[in-house]
Amino acid sequence: MRALDLIIKKRDGQSLSAEEIFFLIDKYNKGLIPEYQIAAFLMTVYFQGLNSKETAALTAALAESGEMLDFSSLGKLVADKHSSGGVGDKTTLALAPLVAAAGVPVAKVSGRGLGFTGGTIDKLESIPGFSAELPLERFIELIKENDLAIIAQTERMTPADKKLYALRDVTGTVENTSLIAASIMCKKIAAGAGAILLDVKTGKGSFMKTREEAFYLAETMLRIGKEMGRRIVSVVTDMNQPLGFAVGNALEVKEAISILKGEGPADAETLCIVLGGYMLTLAGKVRNPEEGQDELRKLLNNGAALEKFKQMISSQGGNAQCVDDLSLLPQSKLVAVIEAPKAGYISEIDTRKVGKAAALLGAGRSYKGEEIDPSAGIVLNQKVGNQVSAGDVLAQIHGNKEELLQAACKDLINAFAISDETPEELPLVYGVVPPFPS
């Protein structure tokens, strides 16, 4: 078997077998196939595409390129959740302890952010002392002990995916649904999840700009999961405005705490309840998502989910007192506000512009490894549809450098559109794949 023959085969529109795909990924991972040949292979995939069996085989090959976690000794399904990313998306911070409090283990291997704001790990590491750099052995112990742990991806898991993604990034082959789906799903498979909830964002602040693209990605990942014997559901949700009000690492931790106290923004809390209902159903804890939602509301109201969050923080070296004393979280030195220039209705909050302003303040990265400012970010005072008067505060900007604060203010004011008419209400959820019951 030769890499060149497989490149030509795919170039000519033929399907590759699982054995052939495993050969390419395994030999590339071991340094036995040069990058220029894999780059050529990626370009053939970009133009010719992969069918469902090829995509599943690629996912399996990437997952099996490193260590695979196994939670079968627990005697119950371990759940995981993945979001395709957005601005203000702190869902995992509240959702994971909420689901774990219901007795469903949540084992999440997450990443650091590259772009508008930090990833889940960056947000958690804004908590004093919190460590996401745990050995896999300790990660497994915490799942057994507490039903919950969130750690950073290690070099031992999916190493071929890391190499492949870096190559895609410099060869113009990132925007291919099969490659995107395989990259996402290989991490979920390697992390040992048996029940997988996928939150696929669509809108201006997401990778998938149209609903059609989002549903196609959702369906592609669903097919991969089923091919690999996982219980899986994809939920397509809105990212045409930031989720909740807070955008930025420590600011989003504060908002997640407010959700767990039952005091959070309606959209973020509702999304956690909806997604959590599907996770409990996938794990066999409840009969249907509605029953799961009822259970999760009880756990918010009685404080069990908040206690589970505290337990996770303490178990991973963090100061859980910050849950009750938010001043222990990083605070910016400077806060500025932007005001509505006229009266009317908020007809749009451009998510990308909000994200870019947050990144300018230091809440995100422009390159891998760049240090972020955990205290920086934006807190919105309005949502789409709100009526405002001239001079009403639209947002608060948190930062530590005056020049960056002023630049972010100038950019952020352009993110808000104010109209004379009440805008159409944005749906939070566009659909579920497959429709329940499946």
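Quick note: structure is the one above.
Residues numbered from 1 in each chain as written. Predicted model: local features only at pLDDT ≥ 70, side-chain atom pairs only at ≥ 80, totals over all residues. Heavy atoms only, no water.

Draft legend 1. Spatial organisation of the overall build of the protein. Looking only at helices and strands, one finds 16 helices and 13 strands in the protein. For 438 residues, the compact-globule formula gives about 22 Å, and the C-alpha radius of gyration of the protein, at 22 Å, lands near that figure. Counting only C-alpha atoms, the protein reaches 70 × 45 × 40 Å along its principal axes. A total of 438 residues make up the protein; the buried ones form 56% of that total. Long-range pairs, those at least 24 residues apart, make up 77% of the contacts in the protein between residues at least 6 apart in sequence. (Helix = DSSP H or I, 4+ residues; strand = E, 2+ residues; numbered from the N terminus. Rg over C-alpha atoms; globule rule 2.2 N^0.38 Å. Buried < 20%, exposed > 50% of the residue type's maximum accessible area, 1.4 Å probe, protein only. Contact = heavy atoms within 4.5 Å.)

Draft legend 2. Quick look at the pattern of salt bridges. Tallied over the full model, the rule gives 24 salt bridges. Notably, a salt bridge pairs Arg156 with Glu137, separated by 3.2 Å at the nearest N-O pair. In this pair, Arg156 sits in the loop between strand E3 (148-152) and helix H8 (159-169) while Glu137 sits in helix H7 (residues 136-146), placing the two residues 19 residues apart along the sequence. The closest approach of N and O atoms between Arg138 and Glu141, which form a salt bridge, is 3.1 Å. On the criterion of helical spacing, the pair formed by Arg138 and Glu141 is a turn pair, its members being three residues apart in helix H7. When its relative accessible area of 28% is taken as the criterion, Arg138 is described as partly exposed. Overall, the relative accessible area of 39% leaves Glu141 in the partly exposed class. One continuous salt-bridge network, built from bridges that share partners, spans Glu67, Glu137 and Arg156. (Salt bridge = Lys/Arg side-chain N within 4 Å of Asp/Glu carboxyl O.)

Draft legend 3. Spatial organisation of the sheet that holds strand E8 (residues 344-349). Across the sheet, three strands lie side by side as E10-E8-E12; this open sheet has antiparallel pairing. Both edges of this open sheet fall to strand E10 (387-388) and strand E12 (416-419), since each of them pairs with a single strand only. The sheet contact formed by E8 and E10 spans two bridges and is antiparallel. Bridged to Gly344 within E10 is Val388. (Pairing = 2+ DSSP bridges.)

Draft legend 4. Inspection of helix H14 (residues 304-315) at higher detail. With twelve residues, H14 ought to run about 16 Å at 1.5 Å a step, and its terminal C-alpha atoms sit 16 Å apart, in line with that. Listed in full, the buried residues belonging to H14 are Ala305, Leu306, Lys308, Phe309, Lys310, Met312 and Ile313. For H14, the secondary structure elements touched by its buried residues are helix H5 (91-101), helix H6 (120-124), H7, E3, helix H11 (249-260) and helix H13 (289-301). Two residues or fewer after H14 comes Gly317, characterised by a positive phi angle close to 85 degrees. (Expected span 1.5 Å × (residues − 1).)

Draft legend 5. Representation of the environment of Phe139 within the structure. Inspection of the secondary structure puts Phe139 in helix H7. Judged by relative accessible area, which is 0%, Phe139 ranks as buried. C-alpha of Phe139 to C-alpha of Lys108: the two residues are 31 residues apart in sequence and 9.3 Å apart in space. With sequence-adjacent residues up to four places away left out, Phe139 is seen in contact with Leu69, Phe71, Ala107, Lys108, Val109, Ala149, Ile150 and Ile151.

Draft legend 6. Representation of unusual backbone geometry in the model. The omega angle of the peptide bond from Val433 to Pro434 is -5 degrees, so this bond is cis rather than trans. One can find Pro434 in the segment after strand E13 (429-433). Positive phi, normally seen in glycine, also occurs at Asp147, with a value near 65 degrees. Structurally, Asp147 can be placed in the loop between H7 and E3. The backbone phi angle of Thr158 is positive, close to 40 degrees, even though this residue is not glycine. Residue position: Thr158 is located in the loop between E3 and H8.

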